Amino acid sequence: MRMTLLRLSRAATAGLVAAAALTAAAHSAEAAEAADTLGSAAAAQGRYFGTAVAASHLGETDYVATLNREFDSATPENEMKWDATEPTRGTFTFSAADQVVNHAQAQGMDVRGHTLVWHSQLPSWVGGLGAADLRSAMNNHINRVMGHYKGQIHSWDVVNEAFQDGGSGARRSSPFQDKLGDGYIEEAFRTARAADPAAKLCYNDYNTDGVNAKSTAVYNMVKDFKSRGVPIDCVGFQGHFNSNSPVPSDLRANLQRFADLGVDVQITELDIEGSGAAQADSYARVVEACLAVDRCTGITVWGVTDKYSWRSGGTPLLFDGNYAAKPAYDAVLSALGGSGGGGNPGGGTATCTATYTRTADWSSGYNGQVTITAGSEPIGSWAATLTFASPQRVQATWNAAPTWSGNVMTARPSWNGTLAAGASTSFGFTVAKNGSDAAPVVGGCTVS
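A quick note: this is a predicted structure, and the numbers were derived from the prediction, not measured. (Residues numbered from 1 in each chain as written. Predicted model: local features only at pLDDT ≥ 70, side-chain atom pairs only at ≥ 80, totals over all residues. Heavy atoms only, no water.)

(A) Representation of the packing of aromatic side chains. On inspection of all chains with the given rule, the structure shows 16 aromatic pairs. The interplanar angle of 65° and the centroid separation of 6.2 Å between the aromatic rings of Phe189 and Phe225 together place this pair among those described as edge-to-face. Of the two residues, Phe189 sits in helix H9 (residues 183-195) while Phe225 sits in helix H10 (residues 213-228), which places them 36 residues apart along the sequence. For the residue pair Phe189 and Phe225, the accessibility class agrees, reading buried in each case. One aromatic cluster in this structure is built from Tyr356, Trp382, Phe388, Phe427 and Phe429. Cation over ring: Arg257 sits above Tyr219, and NZ or CZ is 4.8 Å from the ring centre. A cation sits over an aromatic face here: Arg358 above Tyr366, 3.8 Å from the ring centre. (Phe/Tyr/Trp six-rings, centres within 6.5 Å; stacked < 30°, edge-to-face > 60°. Helix = DSSP H or I, 4+ residues; strand = E, 2+ residues; numbered from the N terminus. Buried < 20%, exposed > 50% of the residue type's maximum accessible area, 1.4 Å probe, protein only. Lys NZ or Arg CZ within 6 Å of the ring centre and 35° of its normal.)

Now the structure itself:
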């Protein structure tokens, strides 16, 4: 009887081990399968991938679908700033911010709070206060806003953009700096810690992405805070890049030196003007820099779609005005170790290419043609982006339905979207040169 029970016990144990192995394998397979969106791919790397969210767009179907599918963290774009939450002294309104927070929570997203103390988007009454009143108002604002969301916010940008641009490393003039002095930042962080002890407290700024005078001034402040026990948990690097302010080559080294102080680092407002391969490469380099720093906990892009970006003319985001994934999206997903995704909602490996030729030319204009070719699998639809040199103007198109964001045209099929593997179609356009003979830059082709 003992031998029989022992055999049964061993058999049961073996069965449990096998079941556990199958469960682990299933979870592993699910994780691998799930890593086809920005949020899931980042989560597999131990990071988050978020976006700024505007309450006013939460009624738009495509906006919400893209937000819910791709991101696992949300930052209210303007809804938590001082002018939105306390437009008159002592009168608080949270309805717009609540919409963002409630939506994010319903989707299982974390929320970053942005921002408590900032020189901009202040109601006029703040600047008119004397020092004693201003200190009281600042602390009351922090307590009331953080108290309203206590336990609901992952990280707060407690103080935003407190340092000047340029080589001085000096503090920026603001009502807080001018009337309360350097100590206002420390006071804000201490007040914030007491208001919500569980929330991560961040300092956030722009043009601090590389090692320079401004970032070094922030570094010295954080180092001082850590040495004296001032509560600071993280530093946000906004990441607004363009051709005049490209991704710095020392981004990784800069993130690492802050991390070495014992704080988390986050990319908080990423957008990169441009299109095509150049934009995609810049996005990939930012992601790679974050992944190379253990304490870089996540990335937030500053908006879902180009058409609503504060820099919409520069087409700086991962989705175009029609919510089609751009080459930059594919580059980010690949850098995160994911596959498939927004360019191909079906999750397969279908691809397409876009090649441009000039088919006719005259003194004041030209005709161009783009050939779309399916890869090794058939596709159901496609989208291609072209950036035209200013002041050129597209006068006509055929075999495509164009939409515009600044001087970037996104072409989609008007009737010729379905292509067999290896098959091609084309669309064309007439351009008025207006003094520029430059060829358009093809941003690539995405399956949509």
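What follows picks up the thread again.
(B) Summary view of the nonpolar core. Phe49, Trp156, Val159, Phe189 and Leu318 are the most contacted members of the largest nonpolar core, which has 96 residues in total. Sequence-distant contacts of Trp156, that is, excluding residues within four places in its chain, are made with Met80, Gly113, His114, Leu116, Val145, Met146, Tyr149, Ala199, Lys200, Leu201 and Cys202. Among the nonpolar cores identified, the runner-up in size contains 21 residues, and Ala354, Ile379, Ala384 and Phe429 belong to it. (Core = buried A, V, L, I, M, F, W, Y, C linked by side-chain atoms within 4.5 Å. Contact = heavy atoms within 4.5 Å.)

(C) Structural detail: the sheet that holds strand E11 (residues 365-374). Pairing is antiparallel in the open sheet, where four strands are placed in the order E10-E11-E16-E13. Two strands lie at the open edges of the sheet, namely strand E10 (352-362) and strand E13 (393-398), each paired on one side alone. Between one strand axis and the next, the sheet turns through 25° on average, direction left out of account. (Pairing = 2+ DSSP bridges. Axes fitted to C-alpha atoms, helices over the stretch in contact; angles between N-to-C directions.)

(D) Inspection of the side chain of Asn254 at higher detail. The topology assignment puts Asn254 in helix H11 (residues 251-259). Apart from residues lying up to four places away in sequence, Asn254 is in contact with Thr208, Asp209, Gly210, Val211, Ser215 and Phe237.

Function cannot be inferred from these measures alone, as they are strictly geometric.
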